[in-house]
Amino acid sequence: MAEINETQIEEIVAQVIRNLQNDGQRLPTTTSQPTAAGASDTGIFPTVDQAIAAAKAAQVEFVKLGFAKRREIIEAIRRTALEHSRSLAEIAVEDTKMGVVEHKVMKNDGGANLSPGVEDLSSEATTGDTGLLLVEYLPFGVINSITPTTNPTSTVINHAIIMLSAGNSVVFSPHPNAQRCTQETMKAVCRGDVAAGEGDYGPPGYRNGRCTGGGSVVRAALTSGKKAIAAGPGNPPAIIDETADPTEAAKKVILGNSFDNNLLCIGEKALFVVESVADEVIRELQNSGGYLTNPRERQAVEDVVIQNGDPNIDYIGKDASVILDAAGIRAKTETVSVVVEVPGDHTFVVDEYLMPVLPVVRVT
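What comes next is a walk through the structure. For clarity, every value in this text was computed on a predicted model and none was experimentally measured.

**A closer look at the overall build of the chain**
Each helix and strand counted, the chain has 13 helices and 13 strands in total. Burial status across the chain gives 48% buried among its 364 residues. The long-range fraction of contacts in the chain, counting pairs at least 24 apart against all pairs at least 6 apart in sequence, stands at 74%. With the model as given, the accessible surface of the chain reaches about 17,600 Å², and the carbon-plus-sulfur share is 52%.

Below you can see the structure in the form of structure tokens.
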């Protein structure tokens, strides 16, 4: 694979920043420069080249340790991530001004407990009349993980576990608006590595291809000339028909729509309801923490969260109460989602808003 030099990296980063700014995302004019650290310290380096060099050197040694030691390191990272789960969640909310602490704790715990590890890498052998086929899983090498502002800490935990389990090393690239919480998570991961007795080989850094984030970042990754795994916007609809339990269905849709203020790509972003049960379902949505807007209030909400035809970034990941207050609407303190009845081609249905706003569409 062709090497990528520092000039090319700087060009890619500059293009991503220009694209983000063109998309209306506000980035800080200056960023804090992390302090240089030794490989067995925090894992944070002042330059991209130093991070890549450390990751390359670490990966060569790391892969020599074998599966047994690798499994031990991964378990130590899981434990350390769980120990710091709440503090990292709190820092993430402080850093990004998005989401809900309790829900970010759940995401961090899920990343630590549920991310697949070394156990997924067993060899496979197939025999037949024509001979023997042996399949062995080998590391890619050094991976670049571009982390998002929406799920910064849980992404680092997940990527560290799955990428290190495969014998790779990783260079994390934090989102400009989530630097502190991303770096703190990296430090926690590195402490897990050191706790397993292999700090001299790490912290395994990260560089070359998995990306999650907005459209501009995805486009930059896919056109960089490097192998990339990227995710575009997720905008999942939910459907409730006459066979559903309206109380349970409404409760779960509100739970999904309001979880971490709908920052997760897999959260319910729109609800389609069969006309015959729509009135009952909407009542249950209100009983489960949804605030149903009337036509005038719906317009007020649109005026707040839509800016030049796009989601207003000031309200991404904000509480439902913040959105309603800005729209001049008073709601109960237990309100967690803003429910709006709209036609199927409304922007709330078609586009991803990453806010606890639930568009409801009646269908035949």
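Back to the write-up after that little detour.
**So, the pairing of strand S7 (residues 237-240)**
Here S7 shows a clear split, with Ala238 and Ile240 buried on one side and none of Pro237 and Ile239 buried on the other. Sheet analysis places S7 next to strand S8 (residues 270-274), joined by four bridges and oriented parallel. By the bridge assignment, Ile240 is partnered in S8 with Val273.

**A look at the pattern of salt bridges**
Inspection of every chain in the model, using the stated rule, returns 13 salt bridges. Glu102 serves as the salt-bridge partner of Arg86, at 2.9 Å between the closest nitrogen and oxygen. On the criterion of sequence distance, the pair formed by Arg86 in helix H4 (residues 85-96) and Glu102 in helix H5 (residues 101-114) is long-range, its members being 16 residues apart. When its relative accessible area of 44% is taken as the criterion, Glu102 is described as partly exposed. For Arg362, the salt bridge is made with Glu341, and the minimal N-O distance between the two is 2.8 Å.

**A few points about the sheet that holds strand S9 (residues 290-292)**
Taken in spatial order, the five strands line up as S7-S8-S13-S12-S9 in an open sheet, and their pairing is parallel. Single-partner strands in this sheet number two, and they are S7 and S9. Geometrically, the sheet is characterised by an average inter-axis angle of 30° between neighbouring strands, direction not taken into account. In the packing of helix H10 (residues 275-287) onto the sheet, the strands contacted are S7, S8, S9, strand S12 (337-341) and strand S13 (357-363), and the crossing angle to S8 comes to about 135°.

**Quick look at the packing of aromatic side chains**
If you walk through the whole model with that rule in mind, you get one aromatic pair. On the basis of an interplanar angle of 85° and a centroid distance of 5.1 Å, the ring pair of Phe348 and Tyr353 is categorised as edge-to-face. With respect to burial, Phe348 and Tyr353 carry one shared label: buried.

**Focus: empty space enclosed by the protein**
One pass over the structure, following the stated rule, counts one cavity of 30 Å³ or more. Its volume calculated, the largest cavity comes out at about 50 Å³. Each residue belonging to the lining of the largest cavity can be placed in one class, and the counts come to five nonpolar, two polar and three charged.

Analysis parameters
- Residues numbered from 1 in each chain as written.
- Predicted model: local features only at pLDDT ≥ 70, side-chain atom pairs only at ≥ 80, totals over all residues.
- Heavy atoms only, no water.
- Helix = DSSP H or I, 4+ residues; strand = E, 2+ residues; numbered from the N terminus.
- Buried < 20%, exposed > 50% of the residue type's maximum accessible area, 1.4 Å probe, protein only.
- Contact = heavy atoms within 4.5 Å.
- Areas by Shrake-Rupley, 256 points an atom, 1.4 Å probe, with all protein chains shown as cover.
- Pairing = 2+ DSSP bridges.
- Salt bridge = Lys/Arg side-chain N within 4 Å of Asp/Glu carboxyl O.
- Axes fitted to C-alpha atoms, helices over the stretch in contact; angles between N-to-C directions.
- Phe/Tyr/Trp six-rings, centres within 6.5 Å; stacked < 30°, edge-to-face > 60°.
- 1 Å grid on protein atoms, 1.4 Å probe; cavity = no way out; pocket = protein on both sides within 12 Å on 5 of 7 lines; lining within 4 Å.
- Points joined across faces, edges and corners; volume = space filled by probe spheres on them.
- Nonpolar A, V, L, I, M, F, W, Y, C, P; charged D, E, K, R; others polar.

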